[in-house]
Amino acid sequence: LPACKDSKLFIKDLHFDEVPVRIYCPRVPSASKRRGVVFFHGGCGMFGSIRSHERICRYIARKSDSVVVSVGYRLSPEHKYPAQTLDCLTATVCFLKTAENYGVDSDRIIVCGDSAGGTFTASICQELVNRRDIPKIRAQVLIYPFLQALNFNLPSHQKNAFVGFLSREHIVRFILKYLGKDWSMKEAVLAGSHVPENMNLKYRKWIYPDLIPEIFKLGYKPPLPTSFLPQVHEETKELFETRLSPLLAEDTVVCCLPDTCIITCEHDVLRDDGLLYKKRLEDNNVKVTWYHMQEGFH
């Protein structure tokens, strides 16, 4: 659908290297170049659109006096993973290179996304840390992001397992559907049978219930041990790629990431993904602003 008219914004639909985008620019003239925001909508990589997140993008553009670029990446399963991340990457790089054409200071561009959009945000910031041919991303904003597919038995998964809209079971169903995998592996992935012991040992320094602050672990009960299933591991290897699980990135990458804002919600199975990434970033001396919505839902 075309954009509705807005008395405070110029709104235009374009393509950045064949990726559809919608640009929201404040109508009031600016004495200097504006900030830029690249926005990736949520929806598990399968739902949502530029139109579904129209209100939030308008709001950001108006309230922050910024030029917002909303990215209409291709959706799974019609377009197989990682087409979604690649589209977001393409649009981001294109905007970083051409920002001045839209009255934007190329040194003041942030990337932002909610849920799966937060996954794309974290992944793209990691992929661009070593690029020298484009301006650096100034900051990233992660709104209740999905950041790892290693452990679905963290305190927030347990506490919010049956919370409406996004249950623990729904997460794994959506991920398997997003990757084009058989849903019959859902129970094995939920139990952690897709992860070999050596991988659990390697990543427990970053993904482990003991790393979650005690205030968020009330009532938590460690899960029972489970058997490793090699066939499930082989079928789901994409779950351990940093494009899907940015929490698994090495410290050499994490330490180079831009300033970060993380928003988490108490009644959200993904809450602990945000908490663990916050800790990782802080441990690597990345400046983090954290906002926790005590009564918030995914």
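The present account deals with the structure reproduced in this document. (Residues numbered from 1 in each chain as written. Predicted model: local features only at pLDDT ≥ 70, side-chain atom pairs only at ≥ 80, totals over all residues. Heavy atoms only, no water.)

Assigned secondary structure in the protein chain consists of 10 helices and 8 strands. Here the C-alpha atoms of the protein chain give a radius of gyration of 19 Å, agreeing with the 19 Å that 2.2 N^0.38 yields for 298 residues. When the 298 residues of the protein chain are sorted by exposure, 55% land in the buried category. For the protein chain, long-range pairs separated by at least 24 residues make up 75% of all intrachain contacts whose partners lie at least 6 apart in sequence. Counting only carbon and sulfur atoms, one obtains 55% of the accessible surface of the protein chain, whose full area is about 14,200 Å². Positive and negative side-chain charges of the protein chain, numbering 39 and 34 respectively, have mean locations separated by a distance of 5 Å. (Helix = DSSP H or I, 4+ residues; strand = E, 2+ residues; numbered from the N terminus. Rg over C-alpha atoms; globule rule 2.2 N^0.38 Å. Buried < 20%, exposed > 50% of the residue type's maximum accessible area, 1.4 Å probe, protein only. Contact = heavy atoms within 4.5 Å. Areas by Shrake-Rupley, 256 points an atom, 1.4 Å probe, with all protein chains shown as cover. Lys, Arg positive; Asp, Glu negative; His and termini not counted. Charge placed at Lys NZ, Arg CZ, Asp CG, Glu CD.)

Once the charged atoms of two side chains with opposite charge are near each other, the side chains can pair. Tallied over the entire structure, the rule returns 23 salt bridges. One salt bridge connects R138 with D259, and the closest N-O pair in it is separated by 3.1 Å. Note that R138 is positioned in the loop between α3 (116–127) and β6 (139–143) and D259 in strand β7 (residues 259–267), a separation of 121 residues in sequence. For R138, a relative accessible area of 42% puts it in the partly exposed group. Judged by relative accessible area, which is 26%, D259 ranks as partly exposed. In this structure, the salt-bridge partner of D251 is R280, at a minimum N-O distance of 2.4 Å. Placement of the pair is D251 in helix α9 (residues 251–254) and R280 in helix α10 (residues 271–283), with a sequence separation of 29 residues. Here D251 falls in the partly exposed class, since its relative accessible area comes to 34%. Classification of R280 by relative accessible area gives buried; the value is 4%. Sharing partners across several salt bridges, the network here consists of D6, D13, R22, E54, R58 and R62. (Salt bridge = Lys/Arg side-chain N within 4 Å of Asp/Glu carboxyl O.)

Across the junction of S76 and P77, the peptide omega takes the value 5°, indicating a cis bond. Position of P77 among the secondary structure elements: in the loop between β4 (66–71) and α2 (83–98). Between Y81 and P82 the backbone carries a cis peptide bond, its omega angle lying at 5°. As for its position among the elements, P82 is in the loop between β4 and α2. Backbone geometry at E18 places phi at a positive 75°, although glycine is not the residue there. If you trace the backbone, E18 turns up in the loop between β1 (9–16) and β2 (19–26). The class of E18 is exposed, set by a relative accessible area of 74%. Backbone geometry places F165, a non-glycine residue, at a positive phi of 80°. Along the chain, F165 turns up in the loop between α4 (155–159) and α5 (168–178).

Turning our attention to empty space enclosed by the protein. For the structure shown, the criterion picks out 2 cavities of 30 Å³ or more. A volume near 220 Å³ is recorded for the largest cavity. Broken down by secondary-structure element, the contributors of at least two residues to the lining of the largest cavity are α3 and α5. Sort the elements by how many residues they give to the lining of the largest cavity and α5 lands first, with 4 residues. Looking at side-chain class alone, the lining of the largest cavity contains 11 nonpolar, 4 polar and 1 charged residues. Here the lining of the largest cavity spans two domains, since at least three of its residues come from each of domain 1 (9–148 + 243–297) and domain 2 (155–240). By volume, the second largest cavity is sized at about 30 Å³. As for the second largest cavity, its lining consists of V163, G164, L166, H267, D268, V269, F297 and H298. Taken together, the residues of the lining of the second largest cavity break down into 4 nonpolar, 3 polar and 1 charged. Per-domain counts for the lining of the second largest cavity show at least three residues from each of domain 1 (9–148 + 243–297) and domain 2 (155–240). (1 Å grid on protein atoms, 1.4 Å probe; cavity = no way out; pocket = protein on both sides within 12 Å on 5 of 7 lines; lining within 4 Å. Points joined across faces, edges and corners; volume = space filled by probe spheres on them. Nonpolar A, V, L, I, M, F, W, Y, C, P; charged D, E, K, R; others polar. Domains from an automatic or database assignment.)

Let's shift gears to the state of the cysteines. Applying the stated criterion to the full structure yields 0 disulfides. C94 takes part in no disulfide bond, and the closest cysteine sulfur, belonging to C88, lies 13 Å away. Take C256: it sits in no disulfide, and the sulfur closest to it among the cysteines is that of C255, at 3.8 Å. Classification of C256 by relative accessible area gives partly exposed; the value is 41%. (Disulfide = S-S within 2.5 Å.)

On to the nonpolar core. Counting 76 residues, the largest nonpolar core has F152 and Y277 as the members making the most contacts within it. The biggest single contributor to this core is α2, with 7 residues. Looking at which domains feed residues into this core, each of domain 1 (9–148 + 243–297) and domain 2 (155–240) gives three or more. What Y277 contacts, discounting residues up to four positions off in sequence, is A122, Q126, Q140, L142, L147, P246, L247, L257 and I262. If you look at the next biggest cluster of nonpolar residues, it comprises 15 residues, including V37, A61, I143 and I263. (Core = buried A, V, L, I, M, F, W, Y, C linked by side-chain atoms within 4.5 Å.)

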